[in-house]
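Structure at a glance
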Amino acid sequence: MTVSLEVTAGVGTIRLDRPPMNALDVATQDRLKELADEATARDDVRAVVIYGGEKVFAAGADIKEMQAMDHAAMVLRARDLQDAFTAVARIPKPVVAAVTGYALGGGCELALCADYRIAADNAKLGQPEILLGLIPGAGGTQRLSRLIGPSRAKDLIFTGRMVKSDEALQLGLVDRVVPAAEVYEQAHTWAAKLAQGPAIALRAAKESVDRGLEADIDTGLAIERTWFAALFATEDRERGMRSFVEEGPGKAKFV
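Quantities reported herein were computed from a predicted structural model and do not represent experimental measurements.

Here's the deal with the pattern of salt bridges
In total, this model carries 14 salt bridges according to the counting rule given. Of the charged contacts in the structure, one is a salt bridge between Glu-34 and Arg-31, with a shortest N-O distance of 3.1 Å. In this pair, Glu-34 and Arg-31 are both assigned in helix H1 (residues 26-41), three residues apart and thus about one turn of the helix distant. Here Glu-167 ties to Arg-161 by a salt bridge, and the two come within 2.7 Å at their closest N and O atoms.

Digging into the packing of aromatic side chains
Under the definition given, this model contains three aromatic pairs. Aromatic side chains Tyr-116 and Trp-190 sit 5.1 Å apart centroid to centroid with 5° between the ring planes, which places their arrangement in the stacked category. One end of the pair, Tyr-116, is in strand E6 (residues 116-120); the other, Trp-190, is in helix H8 (residues 183-195), with 74 residues separating them in the sequence. An angle of 70° between the planes, with centres 5.6 Å apart, marks the rings of Phe-228 and Phe-232 as edge-to-face. Judged by relative accessible area, which is 55%, Phe-228 ranks as exposed.

What about helix H6 (residues 150-159)?
Listing the buried residues of H6 in full gives Ala-153, Leu-156 and Ile-157. Along the axis of H6, the buried residues cluster in a sector spanning 95°; they form a single face. Among the exposed residues of H6, those pointing more than 90 degrees away from its buried face are Ser-151 and Phe-158. Lining the buried residues of H6 we find helix H5 (140-148), strand E8 (162-164) and helix H7 (165-171). Among the residues trailing H6, Gly-160 stands out with phi positive, at a value near 70°.

Thresholds, definitions, all that
Residues numbered from 1 in each chain as written. Predicted model: local features only at pLDDT ≥ 70, side-chain atom pairs only at ≥ 80, totals over all residues. Heavy atoms only, no water. Salt bridge = Lys/Arg side-chain N within 4 Å of Asp/Glu carboxyl O. Helix = DSSP H or I, 4+ residues; strand = E, 2+ residues; numbered from the N terminus. Phe/Tyr/Trp six-rings, centres within 6.5 Å; stacked < 30°, edge-to-face > 60°. Buried < 20%, exposed > 50% of the residue type's maximum accessible area, 1.4 Å probe, protein only. Arc of directions from axis to C-beta. Contact = heavy atoms within 4.5 Å.

Take a look at the structure:
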């Protein structure tokens, strides 16, 4: 399989494995969607790591496969391409991308689908589609501009240039830069910590932020207050408040 899902201690690792560069061909895209849906549905998956291995995250789409496609074929495929990435973005659990080596084109767009990005000090990210006479087609024009702002996104998309990890951190494209050998370990640690948290509250927080960014402030506030009130019906809320009163902050054990 070009993509696999392994679960350890509540953390599901979605691993890309299509040597040498983890090119995202149609079969890999479809498998990615299947496993994102599986991670969403499985109760034993409380947080997710997206990982491409020690050498490369994903160098983008399979260009040879795309070259053979005409307009009609891509009209039929483009929605499935976006749906695969959207399935990752909508996993209702904390998701961290562990980025090593190249994360270009579709690889960068996949990293954008995560809630948090930890990059190796040798990582290079970018949206080089313009160099092929194209634009990003798996969410790059939308998620990148929302993450780092439209001007910075346009610079990367218009020029197709790659950025090293230090510039990516400065731009806000990644959230932490660590030695290459530590990327997966630190990503898993981040995910494992959140896997012990209140699952419904984490889902509420993620949906409130993500859906709120897509709406006006009044709609965003309505989403927030609906979830805020709903959480008062959960056992985790009872446990969290009782633990705070009796033991102090940060000691609650959630179910």
